[in-house]
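# Structural description and commentary
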Amino acid sequence: MRIRLIVTAVLSILVLAVFVGLGNWQLDRLAWKEAVLAQIEAQISAPPVPLPEDPDPIRDKYLPVIVRGNVNPEELHVLVSSRDYGAGFRIIQPFTLAKTGQRIMIDRGFVPVGDKLKLRSGGDMTVTGNLHWPDERDDYTPANDAAKNYWYAREVEVLAEALDTDPILVVAASSTDPDILPMRVTTEGIPNDHLEYAMTWFLMAATWVMMTGFALWRMKRRTRDTRTPRNN
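Residues numbered from 1 in each chain as written. Predicted model: local features only at pLDDT ≥ 70, side-chain atom pairs only at ≥ 80, totals over all residues. Heavy atoms only, no water.

### Structural notes on the overall build of the protein
- When helices and strands are counted, the protein shows 3 helices and 7 strands.
- Walking the protein from its N terminus toward its C terminus, one meets helices and strands in the order α-β-β-β-β-β-β-α-β-α.
- In terms of overall dimensions, the protein is more spread out than a globule: its C-alpha atoms have a radius of gyration of 29 Å, far above the 17 Å expected for 232 residues.
- The burial tally for the protein puts 34% of its 232 residues in the buried class.
- Looking at the protein alone, contacts between residues at least 24 apart form 64% of all its contacts between residues at least 6 apart.
- Accessible surface, the protein: about 14500 Å² in total, of which carbon and sulfur atoms supply 58%. (Helix = DSSP H or I, 4+ residues; strand = E, 2+ residues; numbered from the N terminus. Rg over C-alpha atoms; globule rule 2.2 N^0.38 Å. Buried < 20%, exposed > 50% of the residue type's maximum accessible area, 1.4 Å probe, protein only. Contact = heavy atoms within 4.5 Å. Areas by Shrake-Rupley, 256 points an atom, 1.4 Å probe, with all protein chains shown as cover.)

### Structural notes on the pairing of strand β4 (residues 86–97)
- Within β4, 9 of the 12 residues are buried, leaving the element largely enclosed by the surrounding structure.
- Where strand β2 (residues 64–71) meets β4, 3 bridges bridge the pair, whose relative direction is antiparallel. Bridge assignment links Gly 69 to a residue of β4, and that residue is Leu 97.
- Here 7 bridges tie strand β3 (residues 76–82) to β4, and the two strands are oriented antiparallel to one another. By the bridge assignment for β4, Ser 81 is matched with Ala 87.
- The hairpin formed by β3 and β4 contains 3 residues between the paired strands.
- Judged from the 9 bridges that link them, β4 and strand β5 (residues 103–112) form a sheet pairing that is antiparallel. Its bridge partner lying in β5, Ile 91 is registered against Gly 109. (Pairing = 2+ DSSP bridges.)

### Side note on a nonpolar patch on the surface
- A contiguous nonpolar patch, built from Ile 3, Ile 6, Val 7, Val 10, Leu 11 and Leu 14 and spanning about 580 Å² of accessible area, is present on the exposed surface.
- Relative to the helices and strands, Leu 11 resides in helix α1 (residues 2–44). (Patch = residues over 30% accessible without salt bridge, like charges linked within 9 Å, V, L, I, M, F, W, Y side chains within 5 Å. Salt bridge = Lys/Arg side-chain N within 4 Å of Asp/Glu carboxyl O.)

### Thoughts on the pairing of strand β7 (residues 169–172)
- On β7, burial covers both faces: Leu 169 and Val 171 on one face and Val 170 and Ala 172 on the other are all buried.
- Bridge count between β5 and β7: 3 bridges; the pairing is parallel. Note that in β7 the partner of Met 105 across the bridge is Leu 169.

### Quick word on the pattern of salt bridges
- Counted by the stated rule, this structure contains 8 salt bridges.
- Linking Arg 154 and Glu 136 is a salt bridge whose minimum nitrogen-to-oxygen distance equals 2.7 Å. You can see Arg 154 sitting in the loop between β6 (123–131) and α2 (156–163) and its partner Glu 136 sitting in the loop between β6 and α2, a full 18 residues away along the chain.
- In this structure, the salt-bridge partner of Arg 137 is Glu 155, at a minimum N-O distance of 3.0 Å. Placement of Arg 137 in the loop between β6 and α2 and of Glu 155 in the loop between β6 and α2 is noted, with a sequence separation of 18 residues between them.

### Points about the side chain of Asp 177
- Residue position: Asp 177 is located in the loop between β7 and α3 (194–227).
- Look at Asp 177: it is buried, it has no salt bridge, and the nearest opposite charge is Arg 108 at 4.1 Å.
- Within polar-contact distance, the side chain of Asp 177 engages the side chain of Ser 121 at 2.7 Å.
- Polar contacts involving the side chain of Asp 177 include one to the main-chain amide nitrogen of Asp 179, which spans 2.7 Å.
- Apart from residues no more than four positions distant in its own chain, Asp 177 is found in contact with Arg 108, Arg 120 and Ser 121. (Lys, Arg positive; Asp, Glu negative; His and termini not counted. Polar contact = N/O pair within 3.5 Å; in protein donor to acceptor, adjacent residues only side chain to side chain.)

Put into structure tokens, the structure is as follows:
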């Protein structure tokens with residue numbers, strides 16, 4: 001029985017070490033993710049630069065840019081929910097650059113559902129914002145309804161084909177129309193669950209310690225009872 005107790009204790013320590021190790025690994029991942037998010041935030045808020053000739057989705061993601069040109073009247077409406085204003089649409093429009101004539105897309109911001117068909121300002125405009133290639137579609141995202149102008153994800157290639165533009169999206173950082181609420185690029189949508197994962201592993205470690213302690217106590221007590229002589 002003594003050997004059984006020793007084996008149980010050793011195995012329990014090994015399992016505990018695994019739980020604690022996984023918790024510490026998640027804390028390391030948390031520090032890494034926070035550093036990445038801080039770097040992205042710094043990049044987002046950097047001074048804007050002219051639009052690169054050939055923006056790269058990896059190299060230039062979040063790059064602050066300033067573009068001058070003409071907002072074309074076509075619109076795509078991407079369904080979105082605002083924490084403060086409820087359901088509505090992002091307004092995506094073609095934008096013809098004044099210098100080169102290149103057609104790109106501008107995400108002008110949010111309008112409530114009731115303003116979906118409201119006439120919006122256009123024409124010559126200077127827009128400051130960030131290049132973005134959002135990854136918003138998953139297995140649960142509905143299919144787009146182009147006929148009703150209902151879009152459910154900002155898929156740059158898909159939207160560009162629908163608007164006949166280059167696959168370049170600038171998300172406006174400030175309002176280009178008093179009736180449009182800018183929804184600037186932030187890090188809020190980037191998942192960072194490492195602290196929750198770490199706490200889960202540490203909680204499992206604490207639970208394991210209690211369960212193991214109780215089991216060892218029961219085994220020791222059973223051993224003691226078997227060795228205690230009974231009085232007839």
